[in-house]
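What follows is the residue order along each chain.
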Protein chains: 2
Amino acid sequence: MGDDRSTKTSKTNCKRLSETNVGDLLDSVDAFLFDCDGVIWKGDTLIDGVPQTLEMLRSKGKKLVFVTNNSSKSRKQNAHKFQSLGIQVTEEEIFSSSFAAAMYLKVNEFPPEKKVYVIGGEGIIEELKLAGFTGIGGPEDGKKTVQLKANTFFEHDKSVGAVVVGIDPYINYYKLQYGTLCIRENPGCIFIATNRDATGNMTDLQEWPGAGCMVAAICGSTQKEPIVVGKPSTFLMEFLQKKYNIPTGKMCMVGDRLDTDILFGQNAGCRTLLVLSGVTSQSTLEDPSNHIQPEFYTNQISDIFDLINHE
Amino acid sequence: MGDDRSTKTSKTNCKRLSETNVGDLLDSVDAFLFDCDGVIWKGDTLIDGVPQTLEMLRSKGKKLVFVTNNSSKSRKQNAHKFQSLGIQVTEEEIFSSSFAAAMYLKVNEFPPEKKVYVIGGEGIIEELKLAGFTGIGGPEDGKKTVQLKANTFFEHDKSVGAVVVGIDPYINYYKLQYGTLCIRENPGCIFIATNRDATGNMTDLQEWPGAGCMVAAICGSTQKEPIVVGKPSTFLMEFLQKKYNIPTGKMCMVGDRLDTDILFGQNAGCRTLLVLSGVTSQSTLEDPSNHIQPEFYTNQISDIFDLINHE
């Protein structure tokens, strides 16, 4: 097959985090944005060394923010998860794609008298409610079935003005038809995707179809493309900037996914650090077909702690 | 908003079927290829004037072929449907996308000892069996649920070498994970879509999410694109040509969908006739955003009968 040493040796051009560059990174960054799954925890298990690393960063005056595409939980539910793992994080430090969906409707002055049909989890319904909107569907429609007799007519609520789609392990034909009819038949109905991740960590041992699966299904039946509010879209960035008043060049996005986390950081103009504790392996990072290069990479976030202490 | 009369008057450049052109069309065509839903029937109701039109065409020595993207039925089940509506059609005259999926595996020498995982109806399982293959999944997996506890592991059959996806009103997370794991983890596993129609006629009064919805869901979770065997792919054409030995220029594809039927006919080099008795309205045909123009259009296939008799 010829000599392909040239491609095999074309390693990544990003830098491994080391004793010589970690100090500079820390000095030049005011806020660290962390993805959660694959960075802070894997499923329900905390990744080694996370608490002392976060504590060290806080002690150095760094702002910590947690940006997650997992829409099944609300910010409150996410904060509970942190607490149950022994990490003190407040709701206000969490930016989830469920929150992003509600905020998108708010900043775009979605009429509160209109309803929002949800394909996804309780977290979306909860964030909508906190923002003053009425979400219908969601977990409630998980056990609904359809009648497929010649003369049955599937009714849908004409006051639905938005459909929000996130990861949904209880996806069914009822929800697909409901969401499709709203988007296709309700004038002006908007189609929001919390995110388009191909996979989601529903259990610890495997990956499962992610929100990208359910979102694509609705794209397939409506032939419409969604507005994406989670990573890599930078929609959440304006909230972050308003809250912390830190320029994006002084932020560092830390994540395990190239096409969401690192791309999100780069899209927003942040510094970027890839950790290999989640879905991306070093060989994927170094594969010639990968075109997303973070500024730095390391095994896991506790390396920041270890390297600083050996500096 | 400016003067947009120029676009509003840009009507279709295809011809309405008329007394002056119907004779020429009939004389120059040896085989008529009909779509079924929206052309022959709507749901379970025969469209007016179909039996006498088909009979007249047969009496003039025309070959009749029925090419349907509906994968939920096998050819045998489709033939039964014709008979139940009072039309004599044999299995051999029917080319369904379920049959196309089985034939794709056959012509590509798919190893019969490997299994095929099916997201879709009984028709696919039946056609696979007739072709000597073992289909698993399908309707049997419609009531299966998933365990989403941290330590559960979802097992899948490593001997699955192909996943076939068609319209499936019993779509669920179990099937999506099963199909995704086969495509992602079984070496060389191929991904076949019966078709990618956005909508399907599951009941008489409405459209429902079609195979395009389930296919897109699997694309979303695997980030792979399928091999499409139904319309508008011309895969079935080689079987048609082998069987009837008629050049495609002497065939006329009659259908109600621009992006499947008419495109299929044009892709294969056939004459094309759009009927307005199904999903496409005259205004859709004439809309400036529509770029698929059939050679002829008419209200319904019985117009052929009426126009010939008034010629």
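Each chain has its residues counted from 1, following the order in which its sequence is written. For naming, the first written chain is A and the first written ligand is 1, with later ones following in the order written. Predicted model: local features are reported for residues with pLDDT of at least 70 only, side-chain atom pairs are reported and counted for 80 or more only, and whole-chain, interface and lining totals are derived from all residues. As a convention, hydrogens and water are excluded, and side-chain values are obtained from all of the structure's heavy atoms.

- The name given to chain A in an unreviewed UniProt entry is Phosphoglycolate phosphatase, with Artemisia annua as the source organism.
- Recorded in UniProt under Subcellular location (unreviewed entry), the annotation for chain A is "Plastid, Chloroplast".
- Comment text from UniProt for chain A, heading Function (unreviewed entry), reads "Photorespiratory enzyme that dephosphorylates the 2-phosphoglycolate produced by the RuBisCO oxygenation reaction." UniProt positions are given in the numbering used here, feature names are shortened, and annotations may be inferred rather than shown by experiment.

### Details of the relation of the copies chain B and chain A
- In the superposition of chain B on chain A (RMSD 0.0 Å, axial shift 0.0 Å), the rotation amounts to 180 degrees. A rotation of that kind, with that shift, is consistent with a two-fold axis. When C-alpha distances to the rotation axis are compared across chain B, the minimum falls at B:Ala217, with a value of 2.2 Å.
- Contacts are assigned to residue pairs with any non-hydrogen atoms lying within 4.5 Å of each other. The share of interface residues of chain B whose copies in chain A are also at the interface is 100%, consistent with both copies meeting through the same surface. The superposition of copies rests on a least-squares fit of C-alpha positions from residues with pLDDT of 70 or more in both.

### Notes on the side chain of A:Thr272
Residue and element names in this part refer to chain A.
- Per the convention used, a helix needs a DSSP run of H or I reaching at least four residues, while a strand needs a run of E reaching at least two, with both numbered from the N terminus. Tracing the chain through its elements places Thr 272 in strand 15 (residues 271–275).
- Here a polar contact means two N or O atoms within 3.5 Å. Within protein one must be a hydrogen donor candidate and the other an acceptor candidate, and residues neighboring in sequence count only if both atoms are side-chain atoms. Looking at Thr 272, its side chain comes within polar contact range of the main-chain nitrogen of Glu 295, at 2.9 Å.
- Ignoring any residue separated from it by four or fewer positions in sequence, one finds Thr 272 in contact with Cys 252, Met 253, Ile 262, Gly 265, Gln 266, Pro 294, Glu 295 and Phe 296.

### Here's the deal with the interface of chain B and chain A
- Taken together, the contact pairs 40 residues of chain B with 40 residues of chain A.
- Two parts lose some accessible area (1.4 Å probe) when they are put together, and adding that loss for both gives the buried area. In total, about 3400 Å² of surface goes out of reach between chain B and chain A, with carbon and sulfur atoms giving 63% of it.
- A per-residue breakdown of the area chain B buries against chain A is headed by B:Tyr173, B:Gln206 and B:Trp208, which together make up 20% of the total.
- Any carboxyl oxygen of Asp or Glu within 4 Å of a side-chain nitrogen of Lys or Arg constitutes a salt bridge here. Across the chain B-chain A interface, the total number found is 0 salt bridges.
- Applying the counting rule to chain B against chain A returns 8 residue pairs in polar contact (both at pLDDT 80 or more).

### Focus: helix 6 (residues 122–130) of chain B
- Buried within helix 6 of chain B are the following residues: B:Gly123, B:Ile124, B:Ile125, B:Glu127 and B:Leu128.
- B:Gly132 occupies a position one or two residues after helix 6 of chain B and carries a positive phi of about 95 degrees. With a 1.4 Å probe rolled over the protein chains alone, any residue whose accessible area is under 20% of its type maximum counts as buried; one over 50% counts as exposed, and the rest are partly exposed.

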